[in-house]
Amino acid sequence: MLAVTGATGHLGHLVIAALLEETPAGRILAIGRNAQKAADLAGRGVTFRQADYNAPETLGPALEGAEKLLLISGSETGRRVRQHQAVIDAARAASVGFMAYTSILRADSSPIGLARDHRATEAALADSGIPHALLRNGWYCENYIAGLPAALEHGLIGCSGDGRISAASRADFAAAAARVLLDDGQAGQVHELAGDTAFTMSELAAEISAQSGRDVVYTDLSQGDYQAALEGAGLPGSIAAMLADSSAAAGRGALFDDGHALSRLIGRPTTPIGEVIRQALAA
Ligand SMILES: NC(=O)c1ccc[n+]([C@@H]2O[C@H](COP(=O)([O-])OP(=O)(O)OC[C@H]3O[C@@H](n4cnc5c(N)ncnc54)[C@H](OP(=O)(O)O)[C@@H]3O)[C@@H](O)[C@H]2O)c1
């Protein structure tokens, strides 16, 4: 069985869809907290098992029969290292033969604060002795879609300066994860995954302007002012700080990559940001 945690999330759903294109549903094990969010997967013949990263006793039974496991990183920063360790421990106890983990671009040297949890998880995987591959994912294009209505209304803000961002769509990263689960010979591989085409925030604003017919301008702020603006817009302080930290690091090149490993792995060019914007504006 090919098991996927976080299967109820956005990336998890896309990984399962990509697996289903190449392998029978009976070979796929979707793991998540919320059975309701997996109803569509069960409807396609995929086995769903409930497990919570915070409840280690649920993880062993969920992994029974799993030969390979994709650990999709959790969404609760601060708790993730313990959560991921629990999954790795359960995988070892269940004799899982291979794991893949969704890390962050250049986790070993990334200045982005979010990279700390990923570095710790990569170390835990190394300590576990389980053969594994690292999917060091760059930024999702979709990260810029949630803010699209506000951007159309008020313009874009950030603190990335002229930093170039090699984002790719979630579907691209999902296709890569499915490929790594399906292929043999992936143990020990470190995949630095990013989009083929990079953009600055000003270029993103120009793309939104061109597609929407609205005049969208990017205003570059200091990291502190950007964080304060996000908090002023209602985001919790910790999330605002994380976003401002990531934006500032992007200004220093932390999200740029021109290695094209993602398009090589999935066998096609990655999805340009313009296409993701087009789909969002049409929705
Ligand atoms: N590269 C990027 O730009 C980027 C951006 C955002 C996030 N990420 C990372 O990539 C991951 C996947 O992205 P996504 O868009 O699919 O995020 P998502 O839609 O929020 O999915 C997160 C998944 O993790 C599951 N999860 C969270 N806490 C859990 C727990 N305690 N026990 C079991 N499952 C748990 C969620 O379960 P529920 O469905 O029950 O909530 C969900 O299935 C995120 O979790 C985050 O680590 C990367």
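Here, every reference points to the structure presented above.
In this text the structure is predicted, and so the values were computed from the model without any measurement.

## A short note on the nonpolar core
And step 1. Judged by nonpolar contacts, the single largest core of 35 residues is most densely connected at V4, V15, I16, L19, L70 and L193.
And step 2. Taken together, the elements giving at least two residues each to this core come down to β1 (2–4), α1 (10–20), β2 (28–32), β5 (98–104), β6 (132–137), α7 (170–182) and α11 (261–266).
And step 3. No other element matches the 9 residues that α7 contributes to this core.

## Examining the side chain of T270
And step 1. Positionally, T270 belongs in the loop between α11 and α12 (273–282).
And step 2. Within polar-contact distance, the side chain of T270 engages the backbone nitrogen of D196 at 2.8 Å.
And step 3. Ignoring anything within four residues of it in the chain, the contact list for T270 reads A168, D172, A194, G195, D196, L262 and S263.

## Some thoughts on the pairing of strand β4 (residues 68–71)
And step 1. Residues K68 and L70 line one face of β4 and the alternating positions L69 and L71 line the opposite face, and both faces are buried.
And step 2. When β1 meets β4, the two strands line up parallel, connected through 3 bridges. Bridge assignment links V4 to a residue of β4, and that residue is L70.
And step 3. When β4 meets β5, the two strands line up parallel, connected through 4 bridges. Bridge pairing in β5 places K68 opposite F98.

## Some remarks on α7
And step 1. In a regular helix each residue adds 1.5 Å, so 13 residues correspond to 18 Å; α7 covers 18 Å between its end C-alpha atoms and thus fits that length.
And step 2. Where burial is concerned, most of α7 is hidden: 12 out of the 13 residues are buried.

## So, the site of the ligand
And step 1. Taken together, 23 residues form the shell around the ligand, and within it T8, H10, L11, K37 and S73 come nearest.
And step 2. R33 is positioned such that a nitrogen or oxygen atom in its side chain is 2.8 Å from an oxygen atom of the ligand.
And step 3. K37 is positioned with one of its side-chain polar atoms (N or O) 2.6 Å from an oxygen atom of the ligand.
And step 4. If the ligand stood free it would expose 890 Å²; the protein chains cover 83% of that surface.
And step 5. Elements supplying a minimum of two residues to the shell around the ligand: α1 and α4 (80–93).

Procedures and definitions
- Residues numbered from 1 in each chain as written.
- Predicted model: local features only at pLDDT ≥ 70, side-chain atom pairs only at ≥ 80, totals over all residues.
- Heavy atoms only, no water.
- Core = buried A, V, L, I, M, F, W, Y, C linked by side-chain atoms within 4.5 Å.
- Buried < 20%, exposed > 50% of the residue type's maximum accessible area, 1.4 Å probe, protein only.
- Helix = DSSP H or I, 4+ residues; strand = E, 2+ residues; numbered from the N terminus.
- Polar contact = N/O pair within 3.5 Å; in protein donor to acceptor, adjacent residues only side chain to side chain.
- Contact = heavy atoms within 4.5 Å.
- Pairing = 2+ DSSP bridges.
- Expected span 1.5 Å × (residues − 1).
- Near = heavy atom within 4 Å.
- Areas by Shrake-Rupley, 256 points an atom, 1.4 Å probe, with all protein chains shown as cover.

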